[in-house]
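# Breakdown of the fold
Below are the chains, spelled out letter by letter.
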Amino acid sequence: MTSLLVIIVLVLLAVALWQLTKIFDLTQVGASSDDSQVASDNDNNVQGYVMFGFLAFIYIFTIYGLLKWGGLVLHTPASEHGLLVDNLMNITWVLIFVVQFITQGLLYWFSFKNRGHKDRKALFFADSNKLEAIWSIIPSVVLACLILYGLYAWNNIMFVDKDEDVVEIELYAQQFKWTARYAGQDNVLGKANVRLIEGVNTLGVDMSDPNAQDDIVVTELHIPKGKKVHFKMRSQDVLHSAYFPHFRAQMNCVPGMVTEFAFVPTYTTAEYRELPFMVEKVANINKLRAEKSTELVAKGGTALDPYTFDYLLLCNKICGASHYNMQMKVVVDTPEDYKKWLSEKTTLAQDIKAAKAAEKPAEGAAPTTDSTAKVIDTVKAVIDTVKATVAKVAIK
């Protein structure tokens, strides 16, 4: 009902505005006006100054945005290749801002300088080989340099030597969670197929594969500092994107295929928390949370917990309703702590064996109280049904 009333009000408002324009046109009858629809010198001057005003707005808003939100960008990278990615990004930003500043200034200056005038005639020429060469060659050279540098960075990031000692981990994406599978002692991931998903084996690992016997499945990702980690990524349902913002790593997870990415962590979680910029950032966040908590408590709500920094694995593709909440905690440990953590985890084969053992009732064991109660209830129901049937027959 409210929506209908809003629509009616909008329609009536539109009709009222239309009637006002008609009244305004009637008031102009008999007044001298220029109906030639050709811009006068005054019109051109006004348009020229308006364009300068818009140019000033662009420059002022750009500078304001840099000062206001510039500190929200990612800071120190936590991977070896992160510096290369940041360098490429910074070069791109500088080029964009320089070109934007120059071209916008020239565009509006020439528009103002050559604005229409009754005593001025525009110069027309069909083409200019010199101009064509300038605005074709310069952008081509700049873009070629950027692309070549980007390819160099990409090849350095993506190259993984077959003989290199790496940690093999599979990232499994599904709406709306991440699961990690470690290759175990042999450092070789077992085969997997979604058709094999059953019970505890939520990743569809082929347990007939000898390499799968020591695979470890977890929901919190731990990786060692200073050692290359080679990720292989799968998706169970839709297109996802594994995004490690602090490690400057991202790769799509595509259903039906395996994608990969590798990087070397350079800061443990504890070390990154102690970086000056992160200490300041966390303090600022907790200040805001404390202010919000005061409001919530005053309204009878629960105070917010203090924020603690953690690396995160996020999904960077809109994959459904809970896409925003698809994340996994990532912990970078020292090599010693990583080995200790991994040694405490049970293998997938052990988990499957334990699950099957739990499903089988003990041989010769007496029925449980619940089972006995169910049998008694069933017998009572049968007796009641028989009694009711006999009573009906007797009445007839």
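Our structure's up above, just so we're on the same page.
This one's a predicted model, so the numbers in the text were calculated from it and none came from an experiment. (Residues numbered from 1 in each chain as written. Predicted model: local features only at pLDDT ≥ 70, side-chain atom pairs only at ≥ 80, totals over all residues. Heavy atoms only, no water.)

## Side note on the overall build of the protein chain
In terms of helices and strands, the protein chain carries nine helices and 10 strands. Per-residue burial over the protein chain gives 26% buried out of 396 residues. Taking the contacts inside the protein chain whose residues are at least 6 apart along the sequence as the reference set, 71% of them involve residues at least 24 apart. Accessible area for the protein chain stands at about 27400 Å²; split by element, carbon and sulfur atoms hold 63% of it. (Helix = DSSP H or I, 4+ residues; strand = E, 2+ residues; numbered from the N terminus. Buried < 20%, exposed > 50% of the residue type's maximum accessible area, 1.4 Å probe, protein only. Contact = heavy atoms within 4.5 Å. Areas by Shrake-Rupley, 256 points an atom, 1.4 Å probe, with all protein chains shown as cover.)

## Focus on the packing of helix α2 (residues 41-69) against helix α3 (residues 82-113)
The contact between α2 and α3 brings their axes to 8 Å, and the two run at 165°. Classified by the interaxial angle, the pair formed by α2 and α3 is roughly antiparallel. Relative to α3, the crossing made by α2 is left-handed. Packed against α2, whose contacting residues are G48, Y49, M51, F52, F54, L55, I58, Y59, T62 and L66, the element α3 presents F97, Q100, F101, Q104, G105, Y108, W109, S111 and F112 at the interface. Each residue belonging to the contact of α2 with α3 can be placed in one class, and the counts come to 13 nonpolar, six polar and no charged. (Axes fitted to C-alpha atoms, helices over the stretch in contact; angles between N-to-C directions. Parallel < 35°, antiparallel > 145°, perpendicular 65-115°, else oblique. Left-handed = near helix turned anticlockwise from the far one by under 90°. Nonpolar A, V, L, I, M, F, W, Y, C, P; charged D, E, K, R; others polar.)

## Comments concerning the layout of surface pockets
If you add up the space inside the largest pocket, you get close to 670 Å³. L74, V85, D86, M89 and R248 are the residues nearest the centre of the largest pocket, which is lined by 22 residues in total. Of all the secondary structure elements, the ones that give two or more residues to the lining of the largest pocket are α2, α3, α4 (129-158) and β7 (249-253). In terms of residue count, the dominant contributor to the lining of the largest pocket is α3 (seven residues). Residue assignment places the lining of the largest pocket across two domains, with domain 1 (44-68 + 75-116 + 128-159) and domain 2 (167-355) each supplying three or more. Computed from the structure, the second largest pocket encloses a volume of approximately 430 Å³. What lines the second largest pocket is a set of 20 residues, and nearest its centre among them are G184, Q185, Y338, K339 and L342. (1 Å grid on protein atoms, 1.4 Å probe; cavity = no way out; pocket = protein on both sides within 12 Å on 5 of 7 lines; lining within 4 Å. Points joined across faces, edges and corners; volume = space filled by probe spheres on them. Domains from an automatic or database assignment.)

## Some thoughts on the packing of aromatic side chains
What the rule picks out here adds up to 24 aromatic pairs. Pairwise contacts between aromatic rings join F231, F244, F247, F263, Y267, Y272, F277, F309 and Y311 into one cluster. When the ring centre of F112 is taken as reference, the NZ or CZ atom of R115 above it lies at 4.2 Å. (Phe/Tyr/Trp six-rings, centres within 6.5 Å; stacked < 30°, edge-to-face > 60°. Lys NZ or Arg CZ within 6 Å of the ring centre and 35° of its normal.)

## Description of unusual backbone geometry
A negative phi angle characterises most non-glycine residues, just as the trans form characterises most peptide bonds. Cis peptide bonds are those with omega within 30 degrees of zero, and the linkage from Q175 to F176 qualifies with -5°. Mapped onto the fold, F176 is located in the loop between β1 (167-174) and β2 (177-182). The phi dihedral of R248 falls on the positive side, at around 55°, and the residue is not glycine. You can see R248 is positioned in the loop between β6 (240-244) and β7. Judged by its relative accessible area of 12%, R248 is buried.

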